[in-house]
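Understanding the architecture of this molecule
So the chains spell out like this:
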Amino acid sequence: MEESMLAWARQVAEKELSAALPRRWAHSQGVATRASGLGPVLAGDAGLLSGAAVLHDVGYAPRLAETGFHPLDGARFLRDEHGADERLVRLVANHSFALLEAEERGLRAVLESEFPLLEEPLLVDALVYCDMTTTPDGEQTTAEERVAEIVGRYGADSLVGRFIRRASPEIFAAVAQVEAALVAQPR
């Protein structure tokens, strides 16, 4: 089941992103690669994380951009067009502290009502870890470098710049939680 979900997720993400947004597709593949290394920490949810990792930015696809807020657009697409697993959809909708960006956009109530945050902190943090330690080109980086890159790309005073600066303490804490969980694993 996990392998079939991951294969499906890769197929959907590739179809929506590879031609239209090749750099976003490279990032999504890199995030999925990071997720593949978290299996020992997440036990039965490793496949779910990998599926969410490859799909987390699908809402950037031009044909899916209805609200202009990619977590919400991607989650609606996965729910409405694919009937995707509810946990997967909620992970995509809420990845990397999307509620804080939704607040900046006046969409927090919509996001919370349609796609409540999962009450699974390690799983939610794992997706933050994967996303925020992967560059736009799919390479590994630190969370600090990734936040700086996002601020530099969008500008400190932009909506995304304000959001990412506001979310950065929570991003760094989530990354630290996952790193601690990885260190605690038996070798």
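Everything below is about the structure printed above this text.
One structure accompanies this document, and this report is about it. (Residues numbered from 1 in each chain as written. Predicted model: local features only at pLDDT ≥ 70, side-chain atom pairs only at ≥ 80, totals over all residues. Heavy atoms only, no water.)

**A closer look at the layout of surface pockets**
Of the pockets and cavities examined, the largest pocket occupies roughly 260 Å³. Around the largest pocket sit 21 residues that line it, and Y60, H70, E101, V160 and F163 are the ones nearest its centre. When residues of the lining of the largest pocket are traced back to their parent elements, those giving at least two are α5 (70-82), α7 (98-104), α9 (121-132), α10 (143-154) and α11 (159-183). Among the elements that take part in the lining of the largest pocket, α10 stands out by supplying 4 residues, more than any other. Residues that form the lining of the largest pocket fall into these classes: 9 nonpolar, 5 polar and 7 charged. Its volume calculated, the second largest pocket comes out at about 180 Å³. Lining the second largest pocket are N94, F97, A98, L99, L100, R108, L117, L118, P121, V124, D125 and E170. Those elements that place two or more of their residues in the lining of the second largest pocket are α7 and α9. (1 Å grid on protein atoms, 1.4 Å probe; cavity = no way out; pocket = protein on both sides within 12 Å on 5 of 7 lines; lining within 4 Å. Points joined across faces, edges and corners; volume = space filled by probe spheres on them. Helix = DSSP H or I, 4+ residues; strand = E, 2+ residues; numbered from the N terminus. Nonpolar A, V, L, I, M, F, W, Y, C, P; charged D, E, K, R; others polar.)

**Here's the deal with the packing of α5 against helix α6 (residues 86-93)**
With their axes 8 Å apart at the nearest point, α5 and α6 run at an angle of 165° to one another. Taken together, the axis directions place α5 and α6 in an arrangement best described as roughly antiparallel. Read as a crossing pair, α5 and α6 show a hand that is right-handed. The residues of α6 that touch α5, namely those facing P71, G74, A75, L78 and R79, are L88, V89, V92 and A93. When its residues are assigned to classes, the contact of α5 with α6 shows 7 nonpolar, 1 polar and 1 charged. (Axes fitted to C-alpha atoms, helices over the stretch in contact; angles between N-to-C directions. Parallel < 35°, antiparallel > 145°, perpendicular 65-115°, else oblique. Left-handed = near helix turned anticlockwise from the far one by under 90°. Contact = heavy atoms within 4.5 Å.)

**Considerations on the side chain of H70**
Here H70 shows up in helix α5. Of the polar contacts made by the side chain of H70, one reaches the side chain of D57; its length is 3.1 Å. Those residues in contact with H70 that lie beyond four places of it in its chain are H56, D57, G59, Y60 and H95. (Polar contact = N/O pair within 3.5 Å; in protein donor to acceptor, adjacent residues only side chain to side chain.)

**Observations regarding empty space enclosed by the protein**
Under the counting rule described, the total for this entry stands at 1 cavity of 30 Å³ or more. Considered as a void within the structure, the largest cavity measures approximately 30 Å³ in volume. In terms of lining, the largest cavity is formed by R90, L91, N94, H95, S96, V124, L127 and V128. Elements with a minimum of two residues in the lining of the largest cavity: α6 and α9. Sorting elements by how many residues they give to the lining of the largest cavity places α9 first, with 3 residues.

In short, the description is geometric, and any link to function would need to be established separately.
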